[in-house]
Amino acid sequence: TVLYLLLSCVCSSPVDGTFSQVALQSKIYIKEQLPKYLDGHVQLMTTACVLVEARSLGPELLGAVLILKRFQQRRCSHGRNPVPAADCIQSLVGKDNSQHYLVATQDAELKKTLREIPGVPLIHICHNAITLENASRMSKGRADQMSRTNPQLSCHERETLEKLKLTLPPEKERAGRKRHRPQGPNPLSMKRRKTQNLMKAADKRKKTRRKPKRLAGVRRFTKTEENV
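Keep in mind that what you see is a predicted model, and the values were worked out from it rather than measured. (Residues numbered from 1 in each chain as written. Predicted model: local features only at pLDDT ≥ 70, side-chain atom pairs only at ≥ 80, totals over all residues. Heavy atoms only, no water.)

**Focus on the overall build of the chain**
On a plain count of helices and strands, the chain comes out with 12 helices and 6 strands. In the chain, which comprises 228 residues, the proportion classed as buried is 29%. (Helix = DSSP H or I, 4+ residues; strand = E, 2+ residues; numbered from the N terminus. Buried < 20%, exposed > 50% of the residue type's maximum accessible area, 1.4 Å probe, protein only.)

Below you can see the structure in the form of structure tokens.
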């Protein structure tokens, strides 16, 4: 539930050179697979500081630089004085992540710093697969506070409800529909009565008569002998 609250209003995702390099090695197409993983549209972005740092690391990160150039380049406050990519991304997030950024990075130090800021979802690549980190302790505390003080629907929940309303038919059509009443049991599925079997058994009893038992040593007389 905490991750759902964090991702409900995510609009863009800063990507650094470390994430792009590992995605290239893992053969992950970020622009296609990340929105599918999050089940929604996310604007991938980077900054000039991230590009400068990636270029300074030499030709080994040339592929990562080409990947970063495909993303939207967000203007940062550093201008002609670039800073390390971790510091630039941290300045974008700020103290409360008011822009609802989803940070994609492999930098352990940057992730450790961002976990102390409530409401910052983090994503990285592990075992050649995109992985969303569990909510941090600060994010869980902020989510509990939001659910107590402001129990309203999030923007993602409002959009989902609006889409469901469009799929429903108008009230007049719903009112004119006939309700299906419960019907009786299917006669074909009911068991047949056993009257026929009982009648056949009774007929057999009438036809079969019991013969009297013959005692040992006693001879039965015929009709002529009885008349004599």
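Read on, since the account is not over.
**Description of the pattern of salt bridges**
Proximity of charged atoms lets side chains of opposite charge pair with each other. Under the definition given, this model contains 3 salt bridges. The network of salt bridges with shared partners includes Lys-111, Arg-115 and Glu-133. (Salt bridge = Lys/Arg side-chain N within 4 Å of Asp/Glu carboxyl O.)

**Describing the sheet that holds strand E4 (residues 103-104)**
Sheet architecture is open: 3 strands sit in the order E4-E5-E6, paired in mixed fashion. Each edge of the open sheet is held by one strand with a lone partner, namely E4 and strand E6 (129-132). Sheet topology places strand E5 (residues 122-126) next to E6; 4 bridges connect them, and they run antiparallel. By the bridge assignment, Cys-126 is partnered in E6 with Ala-129. (Pairing = 2+ DSSP bridges.)

**A look at the nonpolar core**
Membership of the largest hydrophobic core comes to 34 residues, with the highest contact counts inside it found for Ile-30, Val-93, Leu-114 and Ile-123. Leaving out residues up to four positions away in the same chain, Ile-123 has contacts with Phe-19, Leu-34, Tyr-37, Leu-38, Leu-102, Val-103, Ala-104, Thr-105, Ile-130, Thr-131 and Leu-132. (Core = buried A, V, L, I, M, F, W, Y, C linked by side-chain atoms within 4.5 Å. Contact = heavy atoms within 4.5 Å.)

**Description of the sheet that holds strand E1 (residues 12-14)**
Each strand in a sheet pairs with its neighbour through backbone hydrogen bonds, running either in the same direction (parallel) or in the opposite one (antiparallel). Read across the open sheet, the 3 strands follow the order E1-E2-E3; overall the sheet is parallel. Both outer strands of the open sheet, E1 and strand E3 (72-74), are each paired with one neighbouring strand and no more. Averaged over neighbouring strand pairs, the angle between their axes works out to 45° when direction is ignored. One ladder, built from 3 bridges, connects strand E2 (residues 43-47) with E3; its direction is parallel. (Axes fitted to C-alpha atoms, helices over the stretch in contact; angles between N-to-C directions.)

**As for the packing of helix H2 (residues 17-25) against helix H5 (residues 62-69)**
Relative to each other, H2 and H5 sit at 110°, their axes nearing to 8 Å. With respect to H5, the axis of H2 lies roughly perpendicular. Between H2, through Gly-17, Ser-20, Gln-21 and Leu-24, and H5, the contact on the second element is made entirely by Gly-63, Ala-64, Ile-67 and Leu-68. Taken together, the residues of the contact of H2 with H5 sort by class into 4 nonpolar, 4 polar and no charged. (Parallel < 35°, antiparallel > 145°, perpendicular 65-115°, else oblique. Nonpolar A, V, L, I, M, F, W, Y, C, P; charged D, E, K, R; others polar.)

**Re helix H3 (residues 30-38)**
For H3, the set of buried residues is Ile-30, Leu-34 and Leu-38. Viewed end-on, H3 has its buried residues packed into an arc of 40°, placing them on one side of the element. Of the residues trailing H3, Asp-39 is marked for its positive phi of about 55°. (Arc of directions from axis to C-beta.)

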